[in-house]
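Spelled out, the chains give:
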Amino acid sequence: MTYVADALAGVSAELPDLDSELVQLYALLALVKGEATSLADVHDAWALWRHRTRPEHPSIVPFEQLSAEVQELDRPYADGIRRVAKALRG
C-alpha cells in the first residue's frame, strides 16, 4: 500500500460515509497539514467540494463569516483528519 492509499483508507475509516471526492480532499489535508489541520482548512476543503455539488449552498463563504455554531460542525472532521495524520506519522 502507498502512503496515499494509507491516507485515503485512514480518512475513510475515521470518517465513514463521505463522498469519495471529499475523502480525497481530507486525505490531502492529512498529508499536507497533518495534525495542524484547522477548522478553517476543513471548511475550505468542504467548500471546494460543495461548490461542485451544490454551488448555491449558503455556507460557501469564508470560514470567518460562518456562525460559531456552523464553524463547530467542522470539528469532528478536523479531529478525524488529525487522528489520521498522527497514525500516518506514527
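Let me begin by describing the structure that accompanies this report. (Residues numbered from 1 in each chain as written. Predicted model: local features only at pLDDT ≥ 70, side-chain atom pairs only at ≥ 80, totals over all residues. Heavy atoms only, no water.)

Focus on the overall build of the protein chain
Of regular secondary structure, the protein chain possesses five helices and zero strands. When the helices and strands of the protein chain are placed in sequence order, the string is α-α-α-α-α. In terms of overall size, the protein chain behaves like a compact globule, its C-alpha atoms giving a radius of gyration of 13 Å where 90 residues would be expected to give roughly 12 Å. If one aligns the C-alpha atoms of the protein chain with their principal axes, the spans along those axes are about 40 × 25 × 20 Å. Within the protein chain, buried positions represent 37% of all 90 residues. Long-range pairs, those at least 24 residues apart, make up 55% of the contacts in the protein chain between residues at least 6 apart in sequence. As displayed, the protein chain offers around 5,500 Å² of accessible surface, 55% of which is attributable to carbon and sulfur atoms. One way to put it: in the protein chain the 9 positive side-chain charges average out to a point 3 Å from where the 14 negative ones average out. (Helix = DSSP H or I, 4+ residues; strand = E, 2+ residues; numbered from the N terminus. Rg over C-alpha atoms; globule rule 2.2 N^0.38 Å. Buried < 20%, exposed > 50% of the residue type's maximum accessible area, 1.4 Å probe, protein only. Contact = heavy atoms within 4.5 Å. Areas by Shrake-Rupley, 256 points an atom, 1.4 Å probe, with all protein chains shown as cover. Lys, Arg positive; Asp, Glu negative; His and termini not counted. Charge placed at Lys NZ, Arg CZ, Asp CG, Glu CD.)

Section: the packing of helix α2 (residues 20-32) against helix α3 (residues 39-53)
Packing of α2 against α3 leaves a shortest axis separation of 10 Å and a crossing angle of 155 degrees. The orientation of α2 with respect to α3, classified from their angle, is roughly antiparallel. The handedness of the crossing between α2 and α3 comes out as right-handed. Residues E21, L22, L25, Y26 and L29 of α2 lie in contact with α3, whose contacting residues are D41, V42, A45, W46, W49 and R52. Taken together, the residues that form the contact of α2 with α3 break down as eight nonpolar, no polar and three charged. (Axes fitted to C-alpha atoms, helices over the stretch in contact; angles between N-to-C directions. Parallel < 35°, antiparallel > 145°, perpendicular 65-115°, else oblique. Left-handed = near helix turned anticlockwise from the far one by under 90°. Nonpolar A, V, L, I, M, F, W, Y, C, P; charged D, E, K, R; others polar.)

Some points on α3
In a regular helix each residue adds 1.5 Å, so 15 residues correspond to 21 Å; α3 covers 21 Å between its end C-alpha atoms and thus fits that length. Those residues of α3 not exposed but buried are L39, D41, V42, H43, A45, W46, A47, W49 and R50. Where α3 is buried, its residues contact α2, α4 (68-72) and α5 (75-89). (Expected span 1.5 Å × (residues − 1).)

Some thoughts on unusual backbone geometry
Phi is positive for D17, which is not a glycine, with a value near 70 degrees. Residue placement: D17 occurs in the loop between α1 (3-14) and α2. According to the relative accessible area criterion, D17 is exposed, its value standing at 81%.

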